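# An overview of the molecular structure
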Amino acid sequence: MCGIVGYAGERDCTEVLLDALSKLEYRGYDSAGIAVMEQGKIAVEKAKGELKNLRKKIDETHKPDGHCGIGHTRWATHGEPSDINSHPHGNKRISIVHNGIIENYKDIKQFLIGKGYTFDSETDTETVAKLLDYHYEGDPVAAIIKTLKEIRGAYALGILFRDFPDTIYAVRKDSPLIIGVGEEENFIASDVPAILKYTRKYYLLEKNEIATIKADRVAFCDIHGQQIKKEIQVSNLDMDAAEKGGYEHFMLKEIHEQPNAVKTTIAPRIVNGMPDLSECGLTIEALKKYRKLFIVACGTAMHAGMVGKYVIERLARTEVTVDIASEFRYRNPIVTSEDLVIVISQSGETADTKAALHLAHEKGAKVLAIVNVKGSSIARESDMVIYTHAGPEISVASTKAFSVQMAVMYLLAFEMAYAKGHMDKDECERLTKELQNIPALIEETMKCEKQCKYVASKLVTAQSLLYIGRGLDYTLSMEGSLKLKEISYIHSESYAAGELKHGTISLVTDDMPVISVATQSDLLEKMVSNIVEVKSRGAFTITVCKEGTEFSEGIMDEVIEIPQMEDVLMPMIAVIPLQLVAYYTTVLKGLNVDKPRNLAKSVTVE
């Protein structure tokens, strides 16, 4: 959600900013802009829409010429997408870019209007720019400190002061920001991919730390102005992994990366044939003691948590509650020091999930984070961390992150079942071996891609459709439905198949697509009955099932068969055709697969 970049060095600043912003497009945005120090003035260019619109505007009007500047891709919160509401904001003396939300901006705005300031935009960001100007008396850091004491909310800020034309100032609270360190050039960015082309070295900016960035040096201080020394980090991200690598879209590339991603995630956590999560403190002794588990996440990560709930309760006989993160802290959950709270987030910056983490700590519970991004806020603030090692996921629609999150859930379920005495060592080793076979089975499942494309051709004109399943298949129907609706814009809902007759079946009309996931052997007979129910009311039935599953003639319009394997592990491969159907439906509709409207990759505000 939104992207910040900044550059101080000898290169063409405008070109560096535009290039760096292009690496953050996956975060989701609706406008873009830059501010560059040019001959003692702050030159600002911004435009609504995609980054190419900004590039075109610069090429046709004025290209700022300088060596120090900031840039931004905006995801609208306050004020509609427009040139005026685009960042940067400020005046002749100060320019800023901002990620996050300023909660008390209305009060600040009224105060500043009373002091004679006028406002051009509808944004909360402009109030911060004007407040900085109000407090500025020649010392940028002093003005920043005074401003931080008056604003409430989540923010990351990149700031230019006209009086200091070779310097960028940066500060953050909750929203992520890093400081890239190069050779006689330095950077700021919301995420590492923005600077990988130029450097792998960076500093993590912590809460309310202020950075002063010049081409030849970087300095840090706290909110009291005291100097801080920080350790430099080195990114191990593969730059090629942040490129499409010959695939038409990042989403398709990331679907095909799942076998390797799952292997990379599970391999280090299997020792002598047994799951071993002791790297983060989840020892056999610790797992025995937990009374209850809470899994808290948003969107796709929450669906991975649902898979975890079904599997942990089935195998480890331990109670698991799955909460949508945005609801968790508002229902006053009964969490104790005997419980383990598991927070799942691809980015490690999800605002609602981070708030749930803080609540869990307030209630005395230990927190385990399952995240993909090293050094992220959630990883740093949790008691224990399992990194999923999926590599960068650029497409807004999450695919490989879901698979690796599920893989961690399985490792946890197996080890907890063994720790609590509900599974002997032989069974634990057997299931762990089955999990190790998953990457190869995902590869085999990919052979259904052509059929998925054909099924997608049947969905492109649909106005609405249903996904149904039972047990673990229900968790997959939720994820399949989300994938389709978020990128194809077709209205789609998922339901537990047994709930159809309690109201939902009234929606079924002639030729309405109903996608069924039917991989659980003990529930197959009941699932078939549900499919017959919708078929008899005119539905176009599409079913994902195990290879060799037999159905009565005329029940299924389309069947997508996937390899046979252990029922409990079926979600690991059953999700593949659901991802491919969503992908090809969107491609056939001619929509932007990787950057669906209104959505952001990392949701860093509530």
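The coordinates are above.
The notes below deal with the structure included here. Everything numeric here is computed off the predicted structure, so don't read it as measured data. (Residues numbered from 1 in each chain as written. Predicted model: local features only at pLDDT ≥ 70, side-chain atom pairs only at ≥ 80, totals over all residues. Heavy atoms only, no water.)

## With respect to the pattern of salt bridges
- Taken as a whole and judged by the stated rule, the model has 31 salt bridges.
- Here Arg269 makes a salt bridge to Glu279, at a shortest N to O gap of 2.5 Å. Taken together, the residues Arg269 in the loop between α7 (258-266) and β16 (270-271) and Glu279 in the loop between β17 (274-275) and α8 (284-289) connect sequence positions 10 residues apart.
- Overall, the relative accessible area of 52% leaves Glu279 in the exposed class.
- Among the ionic pairs, Glu479 bridges to Lys483, the shortest N-O distance being 2.8 Å. Of this pair, Glu479 and Lys483 both sit in helix α17 (residues 472-488), 4 residues apart, roughly one helical turn. Taken as a pair, Glu479 and Lys483 share a single burial class, namely buried. (Salt bridge = Lys/Arg side-chain N within 4 Å of Asp/Glu carboxyl O. Helix = DSSP H or I, 4+ residues; strand = E, 2+ residues; numbered from the N terminus. Buried < 20%, exposed > 50% of the residue type's maximum accessible area, 1.4 Å probe, protein only.)

## A few points about the packing of aromatic side chains
- Scanning the model with the defined rule gives 10 aromatic pairs in all.
- For the ring pair Tyr203 and Phe220, a centre distance of 5.0 Å and an interplane angle of 70 degrees mean the geometry is edge-to-face. Separated by 17 residues along the polypeptide, Tyr203 in strand β11 (residues 201-204) and Phe220 in strand β13 (residues 218-221) bring together distant segments of the chain.
- For Tyr203, a relative accessible area of 17% gives the class buried.
- Judged by its relative accessible area of 4%, Phe220 is buried.
- One aromatic cluster in this structure is built from Tyr136, Phe161, Phe164 and Tyr169.
- The positively charged end of Lys109 is found above the aromatic ring belonging to Phe119, 5.2 Å away from the centroid.
- The aromatic ring of Phe220 is capped on one face by Lys230, whose charged end is 5.7 Å from the ring centroid. (Phe/Tyr/Trp six-rings, centres within 6.5 Å; stacked < 30°, edge-to-face > 60°. Lys NZ or Arg CZ within 6 Å of the ring centre and 35° of its normal.)

## Some remarks on the nonpolar core
- Within the largest apolar cluster, 96 residues are counted, with the highest numbers of intra-cluster contacts made by Leu282, Ile342 and Tyr410.
- Here this core takes 14 residues from helix α13 (residues 400-419), the largest share from any one element.
- Non-local contacts of Ile342, meaning those with residues more than four positions away in its chain, are made with Leu293, Phe294, Ile295, Val296, Leu368, Ile370, Met409 and Leu412.
- By size, the runner-up hydrophobic cluster in this structure holds 28 residues, among which are Ile94, Phe119, Phe161 and Tyr169. (Core = buried A, V, L, I, M, F, W, Y, C linked by side-chain atoms within 4.5 Å. Contact = heavy atoms within 4.5 Å.)

## Observations concerning the side chain of Gln258
- Note that Gln258 resides in helix α7.
- A polar contact of 2.8 Å, which involves the side chain of Gln258, links it to the backbone oxygen of Ile255.
- Discounting residues that sit within four places of it in the chain, Gln258 has contacts with Thr399, Lys400, Ser403, Ile442, Met446, Ile576 and Gln579. (Polar contact = N/O pair within 3.5 Å; in protein donor to acceptor, adjacent residues only side chain to side chain.)

## Description of the sheet that holds strand β20 (residues 340-345)
- Strands sit in the order β19-β18-β20-β21-β22 across an open sheet of 5 strands; the sheet is parallel. Of all strands in the sheet, those bounded by a partner on one side alone are β19 (320-324) and β22 (384-387). With direction set aside, neighbouring strand axes in the sheet form an average angle of 20 degrees.
- Here strand β18 (residues 293-297) runs beside β20; their pairing, made up of 4 bridges, is parallel. Bridging across to β20, Ile295 finds its partner in Ile342.
- Running at roughly 165 degrees to β20, helix α11 (residues 351-362) makes contact with β18, β20 and β21 (366-371) of the sheet.
- Across the sheet, α13 is in contact with β18, β20, β21 and β22; its angle to β20 comes to roughly 160 degrees. (Pairing = 2+ DSSP bridges. Axes fitted to C-alpha atoms, helices over the stretch in contact; angles between N-to-C directions.)

## So, unusual backbone geometry
- That bond from His87 to Pro88 is cis: its omega, 5 degrees, falls within 30 degrees of zero.
- Mapped onto the secondary structure, Pro88 falls in the loop between β4 (68-74) and β5 (89-90).
- One non-glycine residue, Asn272, adopts positive backbone phi at about 55 degrees.
- In this structure, Asn272 sits in the loop between β16 and β17.
- Asn272 sits in the exposed class, given a relative accessible area of 72%.
- For His389, which is not glycine, the phi torsion reads 55 degrees and is therefore positive.
- Inspection of the secondary structure assignment puts His389 in the loop between β22 and α13.
- The exposure class of His389 is partly exposed, given its relative accessible area of 30%.

## Comments concerning the side chain of Thr73
- Among the secondary structure elements, Thr73 is positioned in strand β4.
- Its relative accessible area of 0% is what places Thr73 among the buried residues.

## Quick look at helix α1 (residues 13-22)
- Within α1, 8 of the 10 residues are buried, which leaves the element mostly enclosed by the surrounding structure.
- Restricting attention to buried positions, one finds in α1 the residues Cys13, Thr14, Val16, Leu17, Leu18, Asp19, Ala20 and Leu21.
- Among the structural elements, β1 (3-8), β2 (31-38), α2 (51-60), β4 and β10 (186-189) are those in contact with the buried residues of α1.
- Of the residues flanking the start of α1, the one acting as N-cap is Asp12, its side-chain oxygen 3.1 Å from the backbone nitrogen of Thr14.

## Description of the sheet that holds β4
- Taking strand neighbours across the sheet as the criterion, the 8 strands line up as β3-β2-β4-β1-β10-β9-β11-β15 in an open arrangement whose pairing is antiparallel. Here the strands that pair on one side only, and so sit at the sheet edges, are β3 (41-48) and β15 (233-234).
- By the bridge criterion, 8 bridges tie β2 to β3 in an arrangement that is antiparallel. Following the sheet pairing, Ile34 is matched in β3 by Glu45.
- Lying on the sheet, α2 is in contact with β2 and β3; it crosses β3 at an angle near 130 degrees.

## Quick word on the pairing of β11
- Looking at chain direction, strand β9 (residues 178-181) and β11 are connected through 4 bridges and run antiparallel. Pairing of Ile178 across the sheet is with Leu204, part of β11.
- Relative to β15, β11 runs antiparallel, the two being bridged by 2 bridges. Looking across to β15, one finds that Tyr202 is bridged to Gln233.

## Re the pairing of β10
- Burial along β10 is two-sided: the residues Asn186 and Ile188 and Phe187 and Ala189 are all buried.
- Pairing of β1 with β10 involves 4 bridges; the strand directions are antiparallel. Bridging from a neighbouring strand, Gly6 pairs with Ile188 of β10.
- Both β9 and β10 contribute to a ladder of 4 bridges, which runs antiparallel.

Don't take any of this as a statement about function, it's just geometry.
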